[in-house]
Amino acid sequence: MLVEEKDALKERLKEIFGYSQFRGNQETIIRNLLDGKNTFVIMPTGAGKSLCYQLPAMLREGLAIVISPLIALMKNQVDQMNAYGVNARFLNSTLSKGEITRLKKDCMNGVVKLLYVAPESLNKEETIDFLKKVNVAFVAIDEAHCISEWGHDFRPEYRKIKTMIQNLGDMPVIALTATATPKVQLDIQKNLQMEEADVFISSFNRKNLYYEVRPKKETKKQLIKFLKDHKGKSGVIYCLSRKKVEEIAQLLNVNGFKAAPYHAGLDPDVRMKNQDDFLNEEVDIIVATIAFGMGIDKPDVRFVVHYDVPKSLEGYYQETGRGGRDGLEGLCLMFYSHNDLNKLEKFNKDKPVQERENARILLQEMEYYAESPVCRRRQLLHYFGEEYTQENCGMCDNCVHPRERFDGTEAVKLVLQTVKQTNERFGLNHLVNVIRGVEDEYVKSYGHFDLAVYGKGAEEDADYWKSVIRQTLIYQYLEKDIDNIGALKISERGEKFLKKPHAIELARDHDFTTEVDEEEESNDKPVNTKAYDVKLFEILKTLRKKMAKEKSLPPY
Ligand code: ADP
Ligand code: MG
Ligand code: ZN
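Keep in mind that what you see is a predicted model, and the values were worked out from it rather than measured. (Residues numbered from 1 in each chain as written. Chains lettered and ligands numbered in written order. Predicted model: local features only at pLDDT ≥ 70, side-chain atom pairs only at ≥ 80, totals over all residues.)

**Re helix 9 (residues 182–191)**
An α-helix turns once every 3.6 residues. As a result, residues three or four positions apart point the same way. Taken as a whole, helix 9 has its buried residues at Pro182, Lys183, Val184, Gln185, Asp187 and Ile188. Looking one or two places after helix 9, you find Gln193, whose phi comes out positive at around 50°. (Buried ≥ 20, exposed ≤ 12 C-beta atoms within 10 Å, placed from the backbone. Helix = DSSP H or I, 4+ residues; strand = E, 2+ residues; numbered from the N terminus.)

And the structure:
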C-alpha cells in the first residue's frame, strides 16, 4: 500500500480510529516502520504507543504480530480493535484447541490483520511452525522493558523473543516501552539485536497532569475531603502495604465511596474481578499496591493518590502516568512525611549493603522531590534527563501556589564554599553540621572545625540548611558525584557563581514533620520491589541526558 502522499496517512487515521491528529511523533514512527526499518519507541504511558503498530498493521500487507505480556490486556486491546472494525485476534493459553485451529486457518487465509501473542505461546514450536506459513508484515514488542532484568517488570520469556522471531524470516521489528531509564533501553536493544534501530524518544512531559505534594497530616480526613470533591470520578489510590490497602478500601466503602482493593495477596479471582470492576466502572476507586497498573488502559482515570510515599521517582512517575490518559484532567496527589521516609529506610536495613545504599539514594531523590519548592514538572523531567525551561508550568502546586521566597544568595554562597573547603567529598548531613558548627564525630575526625566556614550558619536550624542545599542542587549549582554516592560536588554553574555571584531566590519549605499519630503507627511491611543498581542508574541517567541533548526531544 502506498502512503506517500502527505495526507494519506492522516486520512487513514481518521477513517479507522476517528482521530484527526497524530500525537507527538506517532507519524514519524509509523512512517519509519512502514519503510521497513527497525524502530524503537520510548514514549510515556498514555502517550499512544499502540497506535504506532495498530495503524501500520492496517496499511501493510500481511499479518502484524504483537507480543504483549498480559492476557487481560490482550483481550482489552483486541476488543478495542474489533470495535474499530479491525480484524484483530489473540493467541494465548486461554484458547481451546478448536479456537486455535480456527485462528490458524483465518491467519493463513489472510483475514486477520493483527495478532496479539503471549510470549509463552510464541515460545512454543507449534506456534512458530504455523507462523512460518503466514505472511508476517512486522513484529511489535509491546512493554519491551519486560526483557530487562533492570526494569520493574522482568519476564524471562521475553528474553527468548528474538530467537523465536528470527525463525520467521526477515521483517521489521518495532519495540515499545514507557521505561525511561537508559540501562533498560540499552538492555532491550542489545537483547533484540536492535542496536541499529531508529530510536524515537518522546518527551516525558505529561502536560495534563497536575502534581501536588501535601504534608501527611490527618491524612484520612484529607483523603475523604479530596474524594468528596471528586465524587463519582475514576481514580487510583496507591498504598505501600497490603494491610493499608485493605484498611483504606474499607474506610472508603464505609464513607459511601465505591472502592475495591487490589494487591498480590488477594485470591487471583478476586483480584481479577476487582480490576474488571474498576475497568467497567462498577467501582470508582481502586485502592492498590504497586502490583496494580502495568498497561492498564483506562483512559479516564481522573486522579492518582499516593497515600504513602513511593519508593522511587521512577515508580512515582509510572504510577501517576496512569492518570489522564485521554488527555483530560489528571490530578496526582502525594501525601508526604519524614516519618514515611524513615519507615521505608528502616525496612531497608536488612538488605545487603549495596542494595541498601541504592534504596537509600532512591529515597533521597524522593525526599528532594517532595520537599523542593521547584516546579514538580521540572524536577520530574530533570530526573529523566530532560530540561524543562518554562518558568511556570501552571500545573503543579509549586507553580500555582508558590512558596514564600527569600534572597538566598549568601546562603548558596556559604553552601558552595563549604562544599569546596571540605573537598567535595561529603553529603548533605555533614555539610549541614559544618555550616552550623555542630561538632560531631565526623567533624572532629576530619578536623573540619578549623575551616573558615565552620559555624558561619549557626543562626539557622538544620532544616533551613537542608532546604537550601536541596535547592542549590535542584538549581544545579551543585551536582552529585557519580563515583562517590551521596557526595556533592560543585557544578560548572556553581563555579561560575562563586567567581561572579548573582542574586538567587530561594523558597521556604513546607513543614513535613508529622507528630506520630495513631494511624501512621502501624508496622506493616511495604511490598517488596526489586532494587535498582543505583550507581549504574545514575551513570546511565547522565547518558540519557546526553542522548536527550543530541536528539533534541520532540514535544509530547
Ligand atoms: P500507551 O503509550 O500507554 O500504550 P495507548 O496506546 O494505550 O498508550 O494510548 C493511550 C490513549 O490515547 C488511548 O485511549 C488511545 O486511544 C489514545 N490515543 C492514541 N493516539 C491518539 C491520537 N492520535 N489522537 C487521540 N487519541 C489517541
Ligand atoms: Mg501500551
Ligand atoms: Zn510547575
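**Details of the sheet that holds strand 2 (residues 63–67)**
In a beta sheet, neighbouring strands are held together by backbone hydrogen bonds and run either parallel or antiparallel to one another. An order of 3-4-2-5-6-1-7 is seen for the seven strands of this open sheet, with the pairing classed as parallel. The outermost strands of the open sheet, each flanked by one partner alone, are strand 3 (88–91) and strand 7 (198–201). Pairs of neighbouring strands in the sheet enclose a mean axial angle of 20°, with direction left out of account. Across four bridges, strand 2 lies against strand 4 (residues 114–117) in parallel orientation. The partner of Ala64 across the bridge, within strand 4, is Leu114. Packing against the sheet, helix 2 (residues 26–34) makes contact with strand 1 (39–42), strand 5 (136–141), strand 6 (173–177) and strand 7, and its axis sits at approximately 160° to strand 1. The strands touched by helix 4 (residues 71–83) within the sheet are strand 3 and strand 4, with strand 3 carrying the most contacts at an inclination of about 160°. (Pairing = 2+ DSSP bridges. Axes fitted to C-alpha atoms, helices over the stretch in contact; angles between N-to-C directions. Contact = placed C-beta atoms within 7 Å.)

**Remarks on the pairing of strand 4**
Neither face of strand 4 is left uncovered, since the one carrying Leu114 and Tyr116 and the one carrying Leu115 and Val117 both have all their residues buried. One ladder, built from four bridges, connects strand 3 with strand 4; its direction is parallel. Bridge pairing links Leu91 to Val117 in strand 4. Following the backbone out of strand 3, through helix 5 (residues 97–108) and into the adjacent parallel strand 4, one traces a crossover that is right-handed. (Right-handed = clockwise from strand over helix to strand, strands pointing away.)

**Notes on the site of ligand 1**
If you check the shell around ligand 1, you find 17 residues, and the closest are Tyr19, Gly48, Lys49, Ser50 and Pro299. Grouping the amino acids of the shell around ligand 1 by side-chain chemistry returns six nonpolar, six polar and five charged. (Near = placed C-beta within 6 Å. Nonpolar A, V, L, I, M, F, W, Y, C, P; charged D, E, K, R; others polar.)

**Description of the packing of helix 18 (residues 409–421) against helix 19 (residues 428–436)**
Closest axis-to-axis distance for the helix 18/helix 19 pair is 10 Å, and the angle between their directions is 110°. The orientation of helix 18 with respect to helix 19, classified from their angle, is roughly perpendicular. Packed against helix 18, whose contacting residues are Leu414, Thr418 and Val419, the element helix 19 presents Leu431, Val434 and Ile435 at the interface. (Parallel < 35°, antiparallel > 145°, perpendicular 65-115°, else oblique.)

**Considerations on the environment of Ala264**
Turning to its location among the elements, Ala264 is positioned in the loop between strand 10 (259–262) and helix 12 (268–279). Ala264 sits in the partly exposed class, given 14 other C-beta atoms within 10 Å. Along the primary structure Ala264 and Ile290 are separated by 26 residues, whereas in three dimensions their C-alpha atoms are 9.2 Å apart. Contacts of Ala264, omitting those with residues within four sequence positions, involve Thr289 and Ala291.

**Details of the sheet that holds strand 11 (residues 285–288)**
The strand order across the open sheet formed by six strands is 8-13-12-9-11-10, and the pairing between neighbours is parallel. Only two strands of the sheet have a single neighbouring strand rather than two, namely strand 8 (209–215) and strand 10. Each strand of the sheet is rotated relative to its neighbour by a mean of 15°, with strand direction disregarded. By the bridge criterion, five bridges tie strand 9 (residues 234–238) to strand 12 (residues 301–306) in an arrangement that is parallel. Paired with Ser234 across the two strands is Val301, which belongs to strand 12.

**Side note on the packing of helix 2 against helix 3 (residues 51–59)**
Running from amino to carboxyl end, helix 2 crosses helix 3 at an angle of 45°, the nearest separation of the two axes being 9 Å. As the angle between them shows, helix 2 and helix 3 are arranged oblique. For the pair helix 2 and helix 3, the sense of crossing is right-handed. Between helix 2 and helix 3, the residues in contact are Gln26, Ile29, Ile30, Leu33 and Leu34 and Leu51, Cys52, Leu55, Pro56 and Leu59, respectively. (Left-handed = near helix turned anticlockwise from the far one by under 90°.)

**Comments concerning the confidence of the model for the protein**
Detailed reading of the predicted coordinates is not advisable wherever pLDDT falls low. For the protein, the average pLDDT comes to 86, and 89% of its residues sit at 70 or higher. Predicted confidence for residues 529–540 stays below pLDDT 50, and this span has 22 contacts to residues more than four positions away or in other chains. (pLDDT = per-residue confidence, 0-100.)

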